[in-house]
Amino acid sequence: MHLIEKYRTEFVGFLDNYSTVKEPQTLYNPIKYILNLGGKRLRPVLTLMTADIFSNDYKKALPAALSIEVFHNFSLVHDDIMDDAPLRRGQKTVHEKWDVNTGILSGDAMLIMAYQLFENYEANIFQALAKLFSKTALEVCEGQQYDIDFETRDDVTVAAYLKMIEYKTAVLVGAAMKMGAIVSNASAEDQNNIYEFGKNLGIAFQLQDDYLDAFGNPETFGKQVGGDIIENKKTYLYIKALEFSNETQRAELQKLFSNNFDAPENKVALVKEIFKSTGSAEATKKAIEAYTKKAFLVLEALHISDDKKVLLKNFGTSLMNRDV
């Protein structure tokens, strides 16, 4: 996977040259802070990888890759405000380090900056990128609203939950890959297929993230473990636990998700035990595997070499075996 590290290193260098602080510093310091907190850089790496696969020239995709990363971090800044989250990647969230108003305004600026990066491309590519970006950004907002709505609903189905994570998370992964294909002038068929590959991988990625939120190592996960449980989020784990539980387990789980405990760590421990005992935890791992395989099936339709298909498959496999 040395190629992945090459893309990541190249991207970080491009980011370092971009995220210089301008005036007013009170607007741009928080932007530099969130962009330099690290993270997996998954989406920009996928943009560069896709461009390399279709044109053998990933460097021309750097502005598009940065646009995806700036937008992703914009969404995190605002999500953290809505969730009142204290940590992001193991560090204080922007609104905790500064304040809510700063988080809102700096986030707004990041959304505009993400669009500005398309100005590096000629008109036809600019138009294609902007059209995809606008569609994706709106879907991300719709997914976020579904996520918020689900917190106060007790009728969330597996299908509804999967639609929510498709919009909130997976479409941005698909768009990251399609942008690499657009910049490389890949065929419309290949652009659409690589989008489907990324989208399915994104669903698997989010299911894995949900699983790690409950069962991950707090030292490597970078966020508050059990945060979804504390916030009463109806994740795949929760929905499957309700489906598989007996009357006693169902009543206990619903009670736990209807109250805010003074000692949230006790709530997290009790809910995790139900996730395990009902088979929900195991079902979630199987769903992660199923969506990963669905992504891999799309690879057969791509007009690229077998070696490049193997590269994409290996990347997907490594992503699903992560612990962060």
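Here, every reference points to the structure presented above.
Residues numbered from 1 in each chain as written. Predicted model: local features only at pLDDT ≥ 70, side-chain atom pairs only at ≥ 80, totals over all residues. Heavy atoms only, no water.

**Let's talk about the nonpolar core**
And step 1. Core analysis: the largest hydrophobic core is formed by 103 residues, its most contacted members being M49, F197, L207, L253 and L312.
And step 2. It is helix α8 (residues 158–183) that provides the largest number of residues to this core, a total of 16 residues.
And step 3. Not counting chain neighbours up to four residues away, the residues in contact with L207 comprise Y161, I165, Y236, T284, A287, I288 and Y291. (Core = buried A, V, L, I, M, F, W, Y, C linked by side-chain atoms within 4.5 Å. Buried < 20%, exposed > 50% of the residue type's maximum accessible area, 1.4 Å probe, protein only. Helix = DSSP H or I, 4+ residues; strand = E, 2+ residues; numbered from the N terminus. Contact = heavy atoms within 4.5 Å.)

**A few points about the packing of aromatic side chains**
And step 1. With the rule as written, the count across this model stands at ten aromatic pairs.
And step 2. Ring geometry for F71 versus F133: centroids 5.2 Å apart, planes at 75°, classification edge-to-face. In this pair, F71 is assigned in helix α4 (residues 62–83) and F133 in helix α7 (residues 123–150), connecting sequence segments 62 residues apart. Each member of the pair, F71 together with F133, is buried. (Phe/Tyr/Trp six-rings, centres within 6.5 Å; stacked < 30°, edge-to-face > 60°.)

**Topic: the packing of helix α3 (residues 42–55) against α8**
And step 1. In contact at an axis separation of 7 Å, α3 and α8 are set at 35° when each is read in the N-to-C sense. Remark: the crossing between α3 and α8 carries right-handed chirality. Residues R43, L46, T47, T50, A51 and F54 of α3 pack against L172, V173, A176, M177, M179, G180 and A181 of α8.
And step 2. When its residues are assigned to classes, the contact of α3 with α8 shows nine nonpolar, three polar and one charged. (Axes fitted to C-alpha atoms, helices over the stretch in contact; angles between N-to-C directions. Left-handed = near helix turned anticlockwise from the far one by under 90°. Nonpolar A, V, L, I, M, F, W, Y, C, P; charged D, E, K, R; others polar.)

**A word on empty space enclosed by the protein**
Any empty space left between the atoms is revealed when a probe the size of a water molecule rolls over them.
And step 1. All chains considered together, the criterion is met by one cavity of 30 Å³ or more.
And step 2. For the largest cavity, the calculated volume is near 50 Å³.
And step 3. Lining the largest cavity, in full, are D210, D213, A214, D228, I229, K233, T235, L237, F257 and F275.
And step 4. Of all the elements in the fold, those that place two or more residues in the lining of the largest cavity are α9 (188–215) and α11 (227–230).
And step 5. With three residues, the top contributor of residues to the lining of the largest cavity is α9.
And step 6. The class makeup of the residues in the lining of the largest cavity is five nonpolar, one polar and four charged. (1 Å grid on protein atoms, 1.4 Å probe; cavity = no way out; pocket = protein on both sides within 12 Å on 5 of 7 lines; lining within 4 Å. Points joined across faces, edges and corners; volume = space filled by probe spheres on them.)

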